[in-house]
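# Reading the structure
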Amino acid sequence: MQKETYTKEKLKKIIEEKLSGYYGLTMQNAETKHLFKAVALLTRDILSEKRRDFRIKTKKDQAKQVYYFCMEFLIGKQLRNNLCNLGIENEIAKVMNESGFSLDDLYEIEPDPGLGNGGLGRLAACFMDSLATMQYPAVGYSLRYEFGLFKQKLVDGWQVEFPDNWLQDGEVFMIPRTDYTVNVKFGGYIEENWEDGNMTFEYKDYQTIEAVPYDYILSGYHTDGASVLRLWRAKSPTSIDVTAFSQGDYLKAIEETARAEAISKVLYPADNHYEGKALRLKQQYFLVSASLQNILARHRQTYPSFDNLHEKTAIHINDTHPTFAIPELMRLLMDEYGYDWEAAWHITTNTMAYTNHTILSEALETWPEQLVQTNMPRIYSIICEINKRLCADLWEKYPGDWEKIQKMSIIAFNQVRMANLCIAGGYSINGVAKLHSEILREIVFKDFHEYSPEKFTNVTNGIAHRRWLIQANPLLTEVLDECIGTDYRTNARELEKFKKFAGDSAVLKRLEKIKQHNKIELANYAGKKLGMTLNPDSVFNSQVKRMHEYKRQLLNVLRIISVYNEILENPTADILPQTYIFAAKAAPSYTMAKNILKLIYCLGEDIRKNPRCKDKLSVVFMEDYSVSLAEKIIPASEVSQQISQAGKEASGTGNMKLMMNGALTIGTMDGANIEIADAVGKANIFIFGLTAKEVDNLWASKYDPDDYYIRNEKLIKVIISLNNGFNGESFQYITQSLLSAHYVADPYMCIADFADYDRAHTLLEKTYLNKAKWNEMSLMNIASAGIFAADRSIKEYADNIWHINPVYLD
Ligand SMILES: *Cc1c(COP(=O)(O)O)cnc(C)c1O
């Protein structure tokens, strides 16, 4: 097929056509918002063509496909990514400039689709980028939430949530595919009938909800690959005929419509926390049922039956949220297509793979049996049968070991355990960093690992370096291009070559200048958009991620308070000027997280108002953390705070983004920090604190924070300061939670890790004073970050789990 080439002239002509066609405008009288829409529509058209060609070749090759199921895709803004991946950014920029517009202004006005909470959703988005670039045939499935993650504002230091009505201007990149609408059924009951000695099931009195797909097309970077992200919208099939309804029925009909459409109304805003609401359950089933119907329809376009489904399809269950895909595929194969249990089980268990994302007990998904039975009666009966057969097998293998069988069963104590269903109903389970996968094997799923060790594996997370390095940090990209060529853009391991420049003082100086430039950009943005003053001549020390106790923003705050105390005690003390940057959303119902947020705000205000701290110490909280804000903060950061309690952060990906942008990490031996330390070398990272094993041991020996606190003068003062308060507010409730008066004192061991954290931070500050040394360490971080590209993760998934191959156009 002849591929289109898009010259500047051609692009300009199409933009003019879009402007005229949609708005009756020309370049002369259009505004930035019109130009944004015109350029967005232009890229959408190019993406569609590209996807069509890639899909045709995929079908022709009968290539195996991967389908990635996830309740969240935090894709970020699309325009720049599309232009960059399509290789038309420079031409479009020229067209804009010649007409008196700036492409950056177009980028600014695009809303950021907040269809995810944090790391999990962002990972899924990064993976889509790599799948497309490496030309693997892939479709991502999720929900088209009408309201994404809430917008965060601080009022007097308290988080206030505002609805994110992103669709108003954000719909432009999505293509509605009403032709692929399917029905999803809820409620009702199952009637069992015997027919010729076979049991058949009739589903009665159910409620139907339409699932309408909307597609984002995601282009590979300078390759022929293009993936689809298909988002389902819930729609009531009842069209309301006003005259045919008495008034009461009319209102009821509207109510029913609203209830049906509520399913895709809003993203649940809790990160790493289980939300046992009926509506959430319905969202989960809605996603998997619609997606599987779509997958089966696609399969039948090429193959005569589903006998080979598992040879041509891998379905990935990202975290346990889409676990009902397992019983739903069983249901479709048996009830709709006449497969018997064994055949359906063979296909299903060879199709489904699962990634675990957390071992936090509060995040463990278990659904009340009753809720599942009421909303999805047939799914419930299939889960019961899966469980019965699993337990029978376990009984044979471990006769009499009731305790083990109870722990491994899918249903127990009236709860459906989603992770156990995933392991039993799939062929693969992986963690997201070496330590995390080890904890899964040795502790969390020890029994399952013993029972089916071949299913267990690890794939360490990665990030889309094209977004987080090439697009977010253009100046650094320029240096890299000059020093090592451009191959690292599609082969991030090439970044290693940058190590050769570790002794090149000109390159190191340039890195320093780029960081300074990025800091000034962030300071300008903060000044203009948030009305806050950032001093670019201080160290930018960032902890940007969801607000969660296990991530220990509080530990960071405790040490800042102790620095503050030092300045107050000794105003002439020689202190390295630093700006501590925080950005974090708290789940709306997470009280402690909101309290810590308030503390950060009040501490920041107290310091800001104290003239002694001027140009020495500053704490800023930047509102509304999102992909867009992350893209501004990360390239400007010099210190990366990755200080979770060891054993709690499954991997982290913010740590990778910051490293790749030249920030030095201060962190615990947790998640991917361990692999970051391996990659960059212990000399180029600041590691501190208890290890995961030491944390376990300390719990076992009855951890008492008082043992540490009474022996540490700095900590004693910090506790006094917290009680006295900041900005007129006492934080005694926080000190109470930290000390032994409390029921479980200091559950994340901030007190136990304080001294070593303080030691590591002091070393970090001392190191910073030798700027040449610091720049060299920064370079080593950039050059060692290639292994954390999502391309590497995806290659591992493709080769070791999905067994899929790239598709190349002729
Ligand atoms: C990368 C990213 C995260 C994950 O950050 P962690 O530090 O790994 O928790 C969360 N939110 C956004 C917007 C991100 O870009």
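These lines cover the structure that appears in this document, whether it is placed above or below. Just so we're clear, the structure is a prediction, and the values are computed from it rather than from any experiment.

Helix and strand content of the chain: 33 helices and 23 strands. Computed over its C-alpha atoms, the radius of gyration of the chain comes to 27 Å, within 12% of the 28 Å expected for a compact globule of 810 residues. Principal-axis analysis of the C-alpha atoms gives the chain an extent of 90 × 75 × 60 Å. Split into buried and exposed, the 810 residues of the chain put 60% on the buried side. In the chain, the proportion of contacts linking residues at least 24 apart, taken out of those at least 6 apart, comes to 77%. Summing over all exposed atoms, the chain offers an accessible surface of approximately 31800 Å²; the carbon and sulfur share of this is 50%. Mean positive and mean negative side-chain charge positions of the chain (93 and 105 charges, respectively) differ by 4 Å.

Further remarks concern the environment of I405. Looking at where I405 falls in the secondary structure, it is placed in helix α15 (residues 402-408). Classification of I405 by relative accessible area gives buried; the value is 5%. Once the C-alpha coordinates of I405 and W395 are considered, the two residues, 10 residues apart in sequence, prove to be 7.2 Å apart. The residues touching I405, leaving out its near neighbours within four places in the chain, are C391, L394, W395 and Y398.

Moving on: the packing of aromatic side chains. Following the criterion strictly, the structure yields 24 aromatic pairs and no others. A centroid spacing of 4.9 Å and a plane angle of 45 degrees characterise the contact between Y203 and Y206, whose relative ring orientation is tilted. Taking relative accessible area as the criterion, Y206 reaches 34% and is therefore assigned partly exposed. Centre to centre, the rings of Y797 and W802 are 5.0 Å apart; their planes meet at 20 degrees, and the pair counts as stacked. On the basis of relative accessible area, Y797 is assigned to the buried category, the value being 0%.

In the vicinity of the ligand there are 15 residues, among which K545, K551, T653, G654 and K657 approach most closely. Between the ligand and the protein, one listed contact pairs an oxygen atom with a backbone N or O atom of T653 at 2.8 Å. For the ligand, whose accessible area on its own is 390 Å², the fraction buried by protein is 96%. Listed by contribution, the elements that provide at least two residues to the shell around the ligand are α6 (119-133), α24 (627-636) and α25 (654-660). Residues of the shell around the ligand, tallied by class, amount to five nonpolar, six polar and four charged.

Here we come to the sheet that holds strand β13 (residues 366-368). The three strands are arranged β13-β15-β14 in an open sheet whose pairing can be described as antiparallel. Each edge of the open sheet carries a strand with a single partner, namely β13 and β14 (411-412). Of the strand pairs in this sheet, β13 and strand β15 (residues 415-417) are connected by three bridges, and their pairing is antiparallel. Residue pairing across strands places W367 opposite V416, the latter belonging to β15.

To continue, consider the pattern of salt bridges. Applying the stated criterion across every chain, the model contains 48 salt bridges. When the shortest N-O distance is used, the salt bridge between K404 and E450 registers 3.1 Å. Of this pair, K404 sits in helix α15 while E450 sits in helix α18 (residues 446-451); the two residues are 46 residues apart in sequence, bridging distant segments of the chain. Look at K404 and you get buried, because its relative accessible area is 11%. We classify E450 as partly exposed; its relative accessible area is 44%.

The next subject is the environment of L41. Within the secondary structure, L41 sits in helix α2 (residues 32-61). Sequence separation between L41 and M669 is 628 residues, and the spatial gap between their C-alpha atoms is 46 Å.

Counting 200 residues, the largest nonpolar core has I15, I92, M96, F286, F324, F498 and W802 as its most contacted members. Those residues in contact with F324, other than ones at most four positions away along the chain, are L281, Q284, Y285, V288, W367, V372, M376, I379, I383 and M418. Counting 70 residues, the second largest nonpolar core, distinct from the first, contains V557, C613, A646 and V718.

To continue, consider helix α20 (residues 474-484). Regarding α20, the residues found buried are L476, T477, V479, L480, C483 and I484. What you see down the axis of α20 is that its buried residues fit within an arc of 160 degrees, all on one side. Summarising the contacts, the buried residues of α20 are in contact with α19 (465-471), α21 (505-530), α25 and α32 (771-783).

Let's shift gears to the state of the cysteines. What the rule picks out here adds up to zero disulfides. The thiol of C126 is unpaired, and the distance to the nearest cysteine sulfur, on C70, comes to 12 Å.

As a further point, take the pairing of strand β18 (residues 539-544). Counting buried residues in β18 gives six out of six residues, a clear majority hidden from the surface. Side chains V539, N541 and Q543 project from β18 onto one buried face, and the interleaved F540, S542 and V544 project onto a second face that is buried too. Inspection of the sheet shows β18 paired to strand β19 (residues 578-583) by six bridges, in the parallel sense. Paired with F540 across the bridge in β19 is T579. One crossover worth recording links β18 to the parallel β19 by way of helix α22 (residues 553-569), and it is right-handed. The sheet contact formed by β18 and strand β21 (residues 639-642) spans two bridges and is parallel. If you follow S542 over to β21, its bridge partner there is S640.

Reading the values: the criteria
- Residues numbered from 1 in each chain as written.
- Predicted model: local features only at pLDDT ≥ 70, side-chain atom pairs only at ≥ 80, totals over all residues.
- Heavy atoms only, no water.
- Helix = DSSP H or I, 4+ residues; strand = E, 2+ residues; numbered from the N terminus.
- Rg over C-alpha atoms; globule rule 2.2 N^0.38 Å.
- Buried < 20%, exposed > 50% of the residue type's maximum accessible area, 1.4 Å probe, protein only.
- Contact = heavy atoms within 4.5 Å.
- Areas by Shrake-Rupley, 256 points an atom, 1.4 Å probe, with all protein chains shown as cover.
- Lys, Arg positive; Asp, Glu negative; His and termini not counted.
- Charge placed at Lys NZ, Arg CZ, Asp CG, Glu CD.
- Phe/Tyr/Trp six-rings, centres within 6.5 Å; stacked < 30°, edge-to-face > 60°.
- Near = heavy atom within 4 Å.
- Polar contact = N/O pair within 3.5 Å; in protein donor to acceptor, adjacent residues only side chain to side chain.
- Nonpolar A, V, L, I, M, F, W, Y, C, P; charged D, E, K, R; others polar.
- Pairing = 2+ DSSP bridges.
- Salt bridge = Lys/Arg side-chain N within 4 Å of Asp/Glu carboxyl O.
- Core = buried A, V, L, I, M, F, W, Y, C linked by side-chain atoms within 4.5 Å.
- Arc of directions from axis to C-beta.
- Disulfide = S-S within 2.5 Å.
- Right-handed = clockwise from strand over helix to strand, strands pointing away.

Such coordinate-based values are descriptive only and should not be taken to indicate function.
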